[in-house]
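# Coordinate inspection notes
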Amino acid sequence: MRKTLWREIFKFKHQRLAWVTPLLVALLMGGVALTTHRMTLSDQKFYVTSGYVGFQWSILFLIVISATSVAMEFEYGTIKQLAMQVPHRWLIYVAKFLVVLGYSMLLHVLVVGVTLILKVSGDPRMHWQTIYRYHQSLGCNLGINALLDLYGGVLIVSLVFLLASCSRHGATAIAVGVGACFMGEGLSSLLLGSFKAFVPWLKWNPFNMFYLQEEYGNPDYRTMTHLTIRQLEIGNVVWTLLFIGIGAVIFSRRRL
Amino acid sequence: MQHVQEKMVQVAGIRKTFGRRVVLRDVSFEFSTGKIVGLVGPNGAGKTTIMKILLGLTPTAAGDVRISGQPVSVNTHQVVTCQVGALIERPAIYPFLSGWQHLQLTTASTVQMDWVVKALQMTAYIHRPANRYSLGMKQKLGIAMALVTRPRLVILDEPMNGLDPQSVKQLRDLLVQLAHEGTTFLISSHILSELAKIIDQVILIDQGRVLLQQTMTQLHQSARAFLVIHTAANQRACQLLQSAGYSVTLREDQLSLPASLALTPLLKIVLDAGIQVLKVSQQREDLETVLLRLLANGRE
């Protein structure tokens, strides 16, 4: 496993996307920071705690990176060489997942770091110790948002990995992944609102788990999700493990 | 028991299906360490499928595959991971890595990387990104990746594809040298003339069946010999010999007859008719002709 992981890291760090992504995320965050200068103090606080939309941009890039990471092996025909080098093909899948997970952590650290820098240009009345939501400081809110986004992002990455395992080209997985990321919550609400009799079952649908961050930020969301924060956390883990498991089986059994 | 241990590859009763289509039927063959074995057959015969099965990349419906006496399947191929190098279908190349980085992915030994780069004469471009490589350069890189770990068994699917004549000769010499040092090769190629120069054994496969497995010596012995006569009037000489009861064919402006015939009475008929004999020689079928004949016989 160590050797497989090393190979995946080696390939990943030589891909241009791995180096361009942090730069683009930082630039986009800078762009958002510029637009917040004339906003109210409350709005500026919101943008600081949400990492100047850096977390959302990170997830978008992670979807592209995840889909490319899996699909490229079939596109370039390199999967045969890889499969020969490991005792079980699922090891490649898990190694790739771990690399993307590690990269996601780095991106979230970067977003927090860039937010620290960009905040300097914001309203001088805004301090890290300023109490914001849930009687917690601005800094604490930023940290919790980063952790929740990281946690919720694992589910999206596992879904994109599964989709990429089923398709020969990454584009399909990217399209469906982005769609799920932006429309998943809406779809879940639609389902729960339309089929009220099935709510006890439908509330466990994977897209409902995307509400974790929102429900943490606003407990009123519980009336929409029908799940507690704890249940959303567990649901995230269970769906992630399920997606990884199914994805690994499909990846291992694909005809080479 | 000793005999079994010397076998590098043992394939017994392999059956492979894709849906309802049977692509391999009861395929069995074996070969020893240090041999260069040619896997020959028309397109779609099942050559690449056999190679993928040997590498544990494709499951089988039935049969047993062993390399160095160890079983090989999709779930059990430790021996492939440790002892086999391969180039299957097309070189496994990431466009964003250089040739050298591809070798780094395969081995940690810079000594072996230097060796294979020099052996295949890739020094000039090995550090260039692979997306700037020509077809031949990519092919060489694929071969280098198969050889760089100095595996005991090397499986090469159409290795001469895209290589210029000089590179083909270099590769041929390298494979022969490595075989002398104990490496075993299983090579498929449609360039039979090139393959014939290096292989010790040939496995002929068609429509998922092994038609024959022979050493090159055996194959040369089974090659038919012909008596070839070139005269000043081939058409007339052909008619004369046919009317005298000889089995003669007029091919490419020369007369072709079975080599077992006595030459003197045959020539006497031609000379007595006043036809000048320009050249008499004996020719043997080349590998390509023998294999094509065997393929045709196998299909009848």
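Residues numbered from 1 in each chain as written. Chains lettered and ligands numbered in written order. Predicted model: local features only at pLDDT ≥ 70, side-chain atom pairs only at ≥ 80, totals over all residues. Heavy atoms only, no water.

### Points about the packing of helix H4 (residues 54-75) of chain A against helix H7 (residues 138-166) of chain A
Residue and element names in this part refer to chain A. Quick note on the threshold: Axis lines are fitted through C-alpha atoms, for helices just across the contact stretch, and the angle between N-to-C directions can take any value from 0 to 180 degrees. Under the DSSP-based scheme used, a helix requires at least four consecutive residues in state H or I and a strand at least two consecutive residues in state E, with every element numbered from the N terminus. To sort the angles, those under 35 degrees are grouped as roughly parallel, those over 145 as roughly antiparallel, those from 65 to 115 as roughly perpendicular, and the leftovers as oblique. Each helix crossing is assigned a hand: it is left-handed if the near helix lies turned anticlockwise from the far helix by less than a right angle, otherwise right-handed if that turn is clockwise. Here a residue-residue contact requires only that any non-hydrogen atoms of the pair lie within 4.5 Å. Each residue is assigned to one class: nonpolar for Ala, Val, Leu, Ile, Met, Phe, Trp, Tyr, Cys and Pro, charged for Asp, Glu, Lys and Arg, and polar for all the others, Gly among them.
Closest axis-to-axis distance for the H4/H7 pair is 9 Å, and the angle between their directions is 25°. Regarding the angle of H4 to H7, the classification is roughly parallel. The crossing of H4 and H7 is right-handed. Contacts from Phe 55, Ile 59, Leu 62, Ile 63, Ser 66, Ala 67, Val 70 and Ala 71 of H4 reach H7 at Leu 142, Asn 145, Ala 146, Asp 149, Gly 153, Ile 156, Val 157, Val 160, Phe 161, Ala 164 and Ser 165. Of the residues belonging to the contact of H4 with H7, the class tally is 14 nonpolar, four polar and one charged.

### Things to note about unusual backbone geometry
A negative phi angle characterises most non-glycine residues, just as the trans form characterises most peptide bonds. Despite not being glycine, Tyr 52 of chain A has its phi angle at roughly 50°, a positive value. Relative to the elements of secondary structure, Tyr 52 of chain A occurs in the loop between helix H3 (41-49) and H4. Positive phi values are uncommon outside glycine, yet Glu 158 of chain B reaches one of about 50°. Its place among the elements puts Glu 158 of chain B in the loop between strand E7 (153-157) and helix H7 (165-180).

### What to know about the interface of chain A and chain B
Applicable threshold: Accessible surface is computed with a 1.4 Å probe, and the buried area is the amount of it that two parts give up when combined, taken over both parts together. Salt bridge criterion: a side-chain nitrogen from Lys or Arg within 4 Å of a carboxyl oxygen from Asp or Glu.
At the junction of the two partners, chain A supplies 25 residues and chain B supplies 29 residues. Buried surface at the junction of chain A and chain B, summed over both partners, amounts to about 2,300 Å²; 59% is from carbon and sulfur atoms. Considering only the side of chain A, the residues that lose the most area to chain B are Tyr 76, Lys 80 and Met 84 of chain A, jointly responsible for 28% of the buried surface there. On inspection of chain A and its partner chain B, the count reaches one salt bridge. Of all the secondary-structure elements, those providing two or more residues to the side of chain A that touches chain B are helix H1 (2-13), H4 and helix H5 (79-85) of chain A. The dominant element in the side of chain A that touches chain B, judged by the number of residues it contributes, is H5 of chain A, at six residues. In terms of residue class, the side of chain A that touches chain B is built from eleven nonpolar, seven polar and seven charged.

### A look at a nonpolar patch on the surface
Residue and element names in this part refer to chain A. The following threshold applies: Residues forming no salt bridge and having over 30% relative accessible area are the ones grouped into patches, like charges within 9 Å of each other and nonpolar side chains (Val, Leu, Ile, Met, Phe, Trp, Tyr) within 5 Å. The method behind every accessible area is Shrake-Rupley, applied with a 1.4 Å probe, and residues are considered shielded solely by the protein chains displayed. Relative accessibility decides the category of a residue: with a 1.4 Å probe and only protein chains considered, values under 20% of the type maximum give buried, values over 50% give exposed, and everything between is partly exposed.
A contiguous nonpolar surface patch, about 250 Å² in accessible area, is contributed by Val 20, Leu 24 and Leu 27. Note on placement: Leu 24 falls in helix H2 (residues 16-35). Classification of Leu 24 by relative accessible area gives partly exposed; the value is 33%.

### A closer look at the confidence of the model for chain B
All names here are of chain B. Our working definition: Looking at any residue, its pLDDT shows the predictor's confidence there, from 0 to 100.
Overall, the predicted model of chain B reaches an average pLDDT of 88, with 97% of residues at or above 70. Taken element by element, the predicted model of chain B shows its lowest mean pLDDT in helix H1 (residues 2-5) (45) and its highest in E7 (95). Within the model, the stretch residues 1-5 combines pLDDT values under 50 with two contacts to residues more than four positions away or in other chains.

### With respect to the sheet that holds strand E3 (residues 36-40) of chain B
Residue and element names in this part refer to chain B. The cut-off we apply is this: Only when DSSP finds a minimum of two bridges between them are two strands counted as paired.
With mixed pairing, six strands are arranged side by side in an open sheet as E6-E7-E8-E3-E9-E10. Every interior strand has two partners, whereas the edge strands, strand E6 (84-87) and strand E10 (209-215), have only one. Across the sheet, the mean angle separating the axes of adjacent strands is 15° when strand polarity is ignored. Note that E3 and strand E9 (residues 201-206) share four bridges and pair parallel. Within the sheet, the bridge partner assigned to Val 40 lies in E9 and is Leu 204. Together, E6, E7 and strand E8 (184-188) form the strand contacts of helix H6 (residues 135-147), whose direction differs from that of E6 by roughly 170°.

### Details of the confidence of the model for chain A
When pLDDT is averaged along chain A, the result is 88, and 100% of the positions lie at 70 or above. Here helix H10 (residues 212-217) of chain A stands out as the least confident element of chain A, with mean pLDDT 80; helix H6 (residues 90-118) of chain A is the most confident, with 94.

### Observations regarding the environment of Gly 38 of chain B
All names here are of chain B. Relative to the helices and strands, Gly 38 resides in strand E3. Overall, the relative accessible area of 0% leaves Gly 38 in the buried class. Here the alpha-carbon distance between Gly 38 and Ile 187, two residues 149 residues apart in the chain, equals 4.9 Å. When residues no more than four places from it in sequence are discounted, the contact partners of Gly 38 are Ile 187, Leu 195, Ile 199, Gln 201, Val 202 and Ile 203.

### Considerations on the domain arrangement of chain B
Put simply, the rule reads: Residue ranges labeled as domains rest on an automatic or database domain assignment.
What the domain assignment lists for chain B is domain 1 (2-221) and domain 2 (225-284). Taking only C-alpha atoms, the centre of domain 1 of chain B and the centre of domain 2 of chain B are 45 Å apart.

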